[in-house]
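Survey of secondary and tertiary structure
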Amino acid sequence: MLILLVIINIGIWIYQPQKEYTILYFTRKNFLNFIFMIVPVFICIGLMDIWIKQKTMVKIMGKQSGLLGMITSLLLGMVTAVPLYALLPVTGVLLKKGSGISNVILFICSSASIRIPLLLFEISSLGIKFTLIRLLLNIIVIIAIAFFTEFLLTGKDKKEMYTRIEEL
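So, how was this worked out
Residues numbered from 1 in each chain as written. Predicted model: local features only at pLDDT ≥ 70, side-chain atom pairs only at ≥ 80, totals over all residues. Heavy atoms only, no water. Salt bridge = Lys/Arg side-chain N within 4 Å of Asp/Glu carboxyl O. Helix = DSSP H or I, 4+ residues; strand = E, 2+ residues; numbered from the N terminus. Buried < 20%, exposed > 50% of the residue type's maximum accessible area, 1.4 Å probe, protein only. pLDDT = per-residue confidence, 0-100. Axes fitted to C-alpha atoms, helices over the stretch in contact; angles between N-to-C directions. Parallel < 35°, antiparallel > 145°, perpendicular 65-115°, else oblique. Contact = heavy atoms within 4.5 Å. Nonpolar A, V, L, I, M, F, W, Y, C, P; charged D, E, K, R; others polar. Expected span 1.5 Å × (residues − 1). Core = buried A, V, L, I, M, F, W, Y, C linked by side-chain atoms within 4.5 Å. Left-handed = near helix turned anticlockwise from the far one by under 90°.

Another point: the pattern of salt bridges. Taken as a whole and judged by the stated rule, the model has 3 salt bridges. Among the salt bridges present, the one from arginine 164 reaches glutamate 160, with a minimum N-O distance of 2.8 Å. With arginine 164 and glutamate 160 both in helix H9 (residues 155-167), this residue pair falls 4 residues apart, about one helical turn. With relative accessibility at 35%, the residue glutamate 160 sits in the partly exposed group.

Have a look at this one:
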């Protein structure tokens, strides 16, 4: 794919150089944004992997954590302010540390759809009533998705998932 993109860029550079400068400008800008976003995330992941003991993570967000794990997962997802591609390594560490699958799904879904900056924007533009209704419905749907997904996974699937995470 990278080779194909390079060939296309060379073709554009030869036939329409004025557009190529714009393409290179946006490519450089997006690449720098990606780097400045992903490096701190990986530093935080490394620190989380070292500082948080597996026993603690299992207690807070493990399979048997119950309501505490659900609330923690939802709140952690709501306060994150990074793109979704940066959350995938975080979910890997959460699984590696023994978090329950449903709690990890709650974390990802809440991060994707009910972030605090998004809620503040909605309140200012659409009103608090709409925002609270959407928030409540979203939380209900996220919880349903998390538990239904974990229900659909067989014991073999779950074991394989945790085994693959350990290999990383």
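In this section: the confidence of the model for the protein chain. For the protein chain, the average pLDDT comes to 85, and 100% of its residues sit at 70 or higher. Ranking the helices and strands of the protein chain by mean pLDDT puts helix H8 (residues 128-152) first, with 94, and helix H3 (residues 54-61) last, with 79.

Let us now look at the packing of helix H2 (residues 17-51) against helix H5 (residues 84-96). Angle between the axes and distance between the axes: these two values describe a pair of packed helices. Remark: H2 packs on H5, axes separated minimally by 9 Å, with the N-to-C direction vectors making an angle of 10°. As summarised for this structure, H2 and H5 are arranged roughly parallel, according to the angle between their axes. Of H5, the residues touching H2 (which contributes Phe34, Met37, Ile38, Val41, Phe42, Ile45, Met48 and Asp49) are Tyr85, Ala86, Pro89, Val90, Val93, Leu94 and Lys96. For the contact of H2 with H5, the residue count by class is 13 nonpolar, no polar and 2 charged.

Because each turn of an α-helix spans 3.6 residues, side chains separated by three or four positions in sequence point in the same direction. Taking 1.5 Å of rise per residue, the 13 residues of H5 would be expected to cover 18 Å, and the 19 Å separating its terminal C-alpha atoms lies within 8% of that figure. Turning to H5, its buried residues number three or more, namely Ala86, Leu87, Val90, Thr91, Gly92, Val93, Leu94 and Leu95. Close packing links the buried residues of H5 with H2, H3, helix H6 (101-113) and H9. Glycine 98 lies just past H5 and shows a positive phi near 105°.

Time to look at the nonpolar core. In terms of nonpolar packing, the biggest core is built from 28 residues, with Val41, Val90, Leu94, Leu95, Leu106 and Ile114 touching the most fellow members. Elements that contribute at least two residues to this core include exactly H2, H3, helix H4 (66-79), H5, H6, H8 and H9.

This part takes up the packing of H4 against H6. Running from amino to carboxyl end, H4 crosses H6 at an angle of 30°, the nearest separation of the two axes being 7 Å. By the angle between their axes, H4 is roughly parallel relative to H6. H4 and H6 meet at a crossing whose hand is right-handed. On H6, the residues touching Gly69, Met70, Ser73, Leu74, Leu76, Gly77 and Met78 of H4 are Asn103, Leu106, Phe107, Ser110 and Ser111. Here the residues of the contact of H4 with H6 sort into 6 nonpolar, 6 polar and no charged.

Relative to the assigned elements, glycine 100 resides in the loop between H5 and H6. The exposure class assigned to glycine 100 is buried, which follows from its relative accessible area of 1%. A sequence separation of 42 residues divides glycine 100 from valine 58, and the C-alpha atoms of the two residues are 7.9 Å apart. When near neighbours in sequence (up to four residues on either side) are disregarded, glycine 100 contacts Met61, Gly62, Lys63 and Tyr162.

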